[in-house]
Every structure is written in C-alpha cells, then in structure tokens.
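Listed below are the residues making up each chain.
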Amino acid sequence: MVDIFNTLIDSFIDSKVGIAENFLSPSLAAHLKANLNNLYSGKQLLSAGTGNDKTTSHNKQIRSDKIYWLDRKHEDPFENDFFDLMDDFISHLNSTCYTGITGYEFHYTLYEKGSFYTKHFDQFKNNSSRQYSMIMYLNTDWQENDGGELCIYHEDHLQNITPVNGKSVFFKSSELEHEVLLTNKPRMSITGWLKIN
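The structure reproduced in this document is the subject of the present report. (Residues numbered from 1 in each chain as written. Predicted model: local features only at pLDDT ≥ 70, side-chain atom pairs only at ≥ 80, totals over all residues. Heavy atoms only, no water.)

**With respect to the pattern of salt bridges**
Using the criterion set out here, one finds 6 salt bridges in the structure. Measuring nitrogen to oxygen at the nearest pair gives 3.5 Å for the salt bridge that ties glutamate 105 to lysine 195. Of the two residues, glutamate 105 sits in strand S4 (residues 103–111) while lysine 195 sits in strand S11 (residues 187–195), which places them 90 residues apart along the sequence. A salt bridge links glutamate 177 to lysine 119; the shortest N-O distance between them is 3.7 Å. Separated by 58 residues along the polypeptide, glutamate 177 in strand S10 (residues 177–180) and lysine 119 in strand S5 (residues 117–120) bring together distant segments of the chain. With a relative accessible area of 42%, lysine 119 lands in the partly exposed category. A cluster of three or more residues bridged by salt bridges with shared partners is formed by Arg72, Asp84 and Asp87. (Salt bridge = Lys/Arg side-chain N within 4 Å of Asp/Glu carboxyl O. Helix = DSSP H or I, 4+ residues; strand = E, 2+ residues; numbered from the N terminus. Buried < 20%, exposed > 50% of the residue type's maximum accessible area, 1.4 Å probe, protein only.)

**Overview of the packing of helix H2 (residues 26–41) against helix H3 (residues 77–97)**
Packing of H2 against H3 brings their axes to within 9 Å, and their N-to-C directions diverge by 130°. Regarding the angle of H2 to H3, the classification is oblique. For the pair H2 and H3, the sense of crossing is left-handed. Facing Leu28, His31, Leu32 and Asn35 of H2, the residues of H3 in contact are Phe78, Glu79, Asp81, Phe82 and Leu85. Its residues placed into classes, the contact of H2 with H3 shows 5 nonpolar, 2 polar and 2 charged. (Axes fitted to C-alpha atoms, helices over the stretch in contact; angles between N-to-C directions. Parallel < 35°, antiparallel > 145°, perpendicular 65-115°, else oblique. Left-handed = near helix turned anticlockwise from the far one by under 90°. Contact = heavy atoms within 4.5 Å. Nonpolar A, V, L, I, M, F, W, Y, C, P; charged D, E, K, R; others polar.)

Shown next, in the form of structure tokens:
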C-alpha cells in the first residue's frame, strides 16, 4: 500500500489534488458498497445537511445526497478494515509530511439519480479541525454520460474527476471549492476528513 499512499501524496503535492487509483481494493470496495446498499434498502441513510452541530441546515437546492456515519462501534468487519487502512495512511502521511493529523470522520454517501451538491468548501467557518478531505468511490462500470463528476475549482481551471470504483481523492479542506455535478444514476462513496482535534 505504500506505493499507493505515495501516489496519493505526491499527486497532491504536485497539483493540490491527490488522486490514487485502487486505494480501496476491489474486494474491500465491493463489501463496503454492499453495506451501503443494505443500509439504503433498510432506509437507514439520512438526508445530508450543511454546516455543523449548531448551524446545520437542510436545503435540497444545495445538496441532495444521503449519508450514514461509519464507526468502529458498529463492529462491522469491512468498516473496520477501512479504518485500519486509514490508520495506516495517516501514520504514513504524518511520518512523511509532518501533518499532525490526530483523528478522522467518514460517512457513506449516496447520491440518488438526479442528486448533486453545489459549490462549497469542506472546512466550517466556526471550526478549523478538518484539515484534509478524502473521498473513496464505490462505483463499478461508471460511464462518462453517468455524470456525477467531482468538479474542483482551481485558481485558473476546473478539474473534473470521475467517481470510479476504488479511486481516492485527497485535498486540503480549506483551500479548494468543489461541487458534485448532477448524477444520472446512483453514485456511491465513502467521504470524510482528516482532522486535528
């Protein structure tokens, strides 16, 4: 995994957006996708809001995805495999880049057909604990006309990233505005933030 970790970090250093294919193994991605589908079928996903605890609002004209927070307390073996992977990545990131990350939070994310998330930053105005944003995609056989790209706003250009299975995207939470473009079929990921608590 060190080579994949380094690919993610090196591409981030080069262009402010790290991208690594196969950050999630096909097996782990398949199990996490199955978990997400089961949660969705059981109506356990919640409509996502904007803001944090004291300022959360729900406006489907801004974002229309559904989420479910991951937690080791669930005792799910595949979620725990994912957390083990993140622990290894953060250890590598801290030792090579001296980032000082001390925690994280992640949730499953499902965009139903016709869903989107308008342009935004990931860091809250009243809380700067989120340092890096990470997304890991769970979409097999994604085609160009399926939409749902992650559109990142650089100073002088836009970068569109397709949500292909196993791919990870990594960037500073406070630096880059981004949006999820309208998706034409269900779009699944694990989304989260590396934090300094």
